[in-house]
Amino acid sequence: MLALPSRTSNVYVRSYRSIAGLASLRSSSSFCQLPRTRRTLPTASTPKWPLPAPGHHITTTTNALRNIIERARTMSTETRTRKNAGGTSDSAEPPVPPPGLPDLPPAPSYPCPFLTDEEIMTYLDPLYLKSWTVQASNPGQSKNPAPELVKRFEFSSQPPLHLFLNAVNEIESKENHHCIQETSTTAVTIRVHTHSGLRPASHPEEPRKGRISPGITLRDIRFAYLLEAVADGQKEPRLDVTPEEQPHTAKAVEARRQKTSQEKVVG
Ligand SMILES: C[C@H](O)[C@H](O)[C@H]1CNC2=NC(N)=NC(=O)C2=N1
């Protein structure tokens, strides 16, 4: 755990809301419930929550950053019993994801079914507006490549990055779900997919055993939402792919399993 500087180190971050304001999210009723019948994806230029005036900066004191770690720690206060069963631990109250994301979906037990078209529309599409993309995993990461959720989180300096990485580790432990962290000086690219995924049956009698395959499931969605709850307010990285270019059906997500030569690798 990173020792926080004793003096108040001001960290300036471009933010939709002060990190300390995270606590107020619990009471805010403005937090969005996405309509499940959404057919068209809003373009990245039409976010649903008020954006700060250009140049709006906030000062985040070390105490506010301490709140991040404290919240991550409360997320990880867990009863270890359920974790061994492959489930997540009970926690009094899951954290509130930032505006623009639905409530945290339930965590299916392993092996977890791949996302359905309905789940993609409800839970994955909103992540595209938060700069998440679907890319092929590097074959080195698991025995065979899979589509995975990828996002690059950028920070204004090393202390908030290290606090975020501590929170990621706490969330991995609490969720019993693991990601790949590719860190640089003040940024980290998170890559996450479910190794013990369950692909759809090719015929009704197909046994479950033969269907276990890496892919994107609700556990990866949960993981991304929890990271967004901790990183809320960090500046969004520039992306050269738009939400519209991301996959919006299970078939299109599956097509991302193999890395293609012309794939725009963003991260
Ligand atoms: C036994 C243990 O519950 C499983 O191995 C968990 C651990 N963490 C995991 N993390 C990820 N990303 N995918 C998994 O399938 C997975 N399985």
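Residues numbered from 1 in each chain as written. Predicted model: local features only at pLDDT ≥ 70, side-chain atom pairs only at ≥ 80, totals over all residues. Heavy atoms only, no water.

### Considerations on the packing of helix α4 (residues 117-128) against helix α6 (residues 218-231)
In contact at an axis separation of 11 Å, α4 and α6 are set at 35° when each is read in the N-to-C sense. Once α4 is placed against α6, the crossing between them reads as left-handed. On the side of α4, the interface is formed by Glu119, Thr122, Tyr123, Leu124, Pro126 and Leu127, while α6 contributes Leu218, Ile221, Ala224, Tyr225 and Glu228. In the contact of α4 with α6, the residues fall into eight nonpolar, one polar and two charged. (Axes fitted to C-alpha atoms, helices over the stretch in contact; angles between N-to-C directions. Helix = DSSP H or I, 4+ residues; strand = E, 2+ residues; numbered from the N terminus. Left-handed = near helix turned anticlockwise from the far one by under 90°. Contact = heavy atoms within 4.5 Å. Nonpolar A, V, L, I, M, F, W, Y, C, P; charged D, E, K, R; others polar.)

### Quick word on α6
Relative to the 20 Å expected for 14 residues at 1.5 Å per residue, α6 spans 20 Å between its end C-alpha atoms, a close match to the ideal helical length. Burial within α6 is extensive, with 14 of its 14 residues counted as buried. Phi turns positive, to about 105°, at Gly233, one or two residues after α6. (Expected span 1.5 Å × (residues − 1). Buried < 20%, exposed > 50% of the residue type's maximum accessible area, 1.4 Å probe, protein only.)

### Some points on the confidence of the model for the chain
Looking at the chain, the pLDDT average stands at 72 and 58% of residues meet or exceed 70. Put simply, strand β1 (residues 11-14) is where the chain has its lowest mean pLDDT, 30, and α4 is where it has its highest, 97. Counted against residues more than four places away or in other chains, residues 1-62, with its pLDDT under 50, gives 119 contacts. Low pLDDT, under 50, characterises residues 75-85; the predicted model gives this stretch 24 contacts beyond four residues in sequence or across chains. Reported confidences for the modelled complex are a pTM of 0.67 and an ipTM of 0.97. (pLDDT = per-residue confidence, 0-100.)

### Observations regarding the site of the ligand
Looking at the ligand, there are nine residues lining it, with Asn176, His178, His193, His195 and Ser196 nearest. Within the side chain of Asn176, a nitrogen or oxygen atom sits 2.9 Å from an oxygen atom of the ligand. In the model, an oxygen atom of the ligand is placed 2.8 Å from a nitrogen or oxygen of the Ser196 main chain. Alone, the ligand offers 390 Å² of accessible surface; in the complex the protein occludes 70% of this. (Near = heavy atom within 4 Å. Polar contact = N/O pair within 3.5 Å; in protein donor to acceptor, adjacent residues only side chain to side chain. Areas by Shrake-Rupley, 256 points an atom, 1.4 Å probe, with all protein chains shown as cover.)

### Quick word on helix α5 (residues 158-175)
The end-to-end C-alpha separation of α5 is 25 Å, in line with the 26 Å expected for 18 residues at 1.5 Å each. Judged by how many residues are buried, α5 sits mostly within the fold: 13 of 18 residues are covered. Two residues or fewer past α5, Asn176 is found with a positive phi of approximately 50°.

### Points about the nonpolar core
One finds Leu124 and Leu149 to be the most contacted residues of the largest nonpolar core, which totals 34 residues. When contributions to this core are tallied by element, the ones reaching two or more residues are α4, β5 (147-154), α5, β7 (187-192) and α6. For this core, the leading source of residues is α6, giving nine residues. (Core = buried A, V, L, I, M, F, W, Y, C linked by side-chain atoms within 4.5 Å.)

### Observations regarding the sheet that holds β5
Strand pairing within a sheet occurs via backbone hydrogen bonds; the two strands may be parallel or antiparallel. Pairing within the open sheet is antiparallel, and its four strands lie in the order β4-β5-β7-β6. Each having just a single partner strand, β4 (133-136) and β6 (180-183) make up the two edges of the open sheet. With strand direction ignored, the average angle separating the axes of adjacent strands in the sheet is 30°. With six bridges connecting them, β5 and β7 associate as antiparallel partners. When the sheet's bridge partners are listed, Lys151 is paired in β7 with Ile190. Relative to β5, α6 is tilted by about 5°, and along the sheet it contacts β5 and β7. (Pairing = 2+ DSSP bridges.)

### Description of the pattern of salt bridges
This model, assessed by the stated rule, comprises eight salt bridges. Across the pair Lys174 and Glu175 runs a salt bridge, and its minimum N-O distance is 2.9 Å. Judged by relative accessible area, Lys174 falls into the buried class, the value being 3%. Given the relative accessible area of 2%, Glu175 is considered buried. Across the pair Glu182 and Arg191 runs a salt bridge, and its minimum N-O distance is 3.1 Å. (Salt bridge = Lys/Arg side-chain N within 4 Å of Asp/Glu carboxyl O.)

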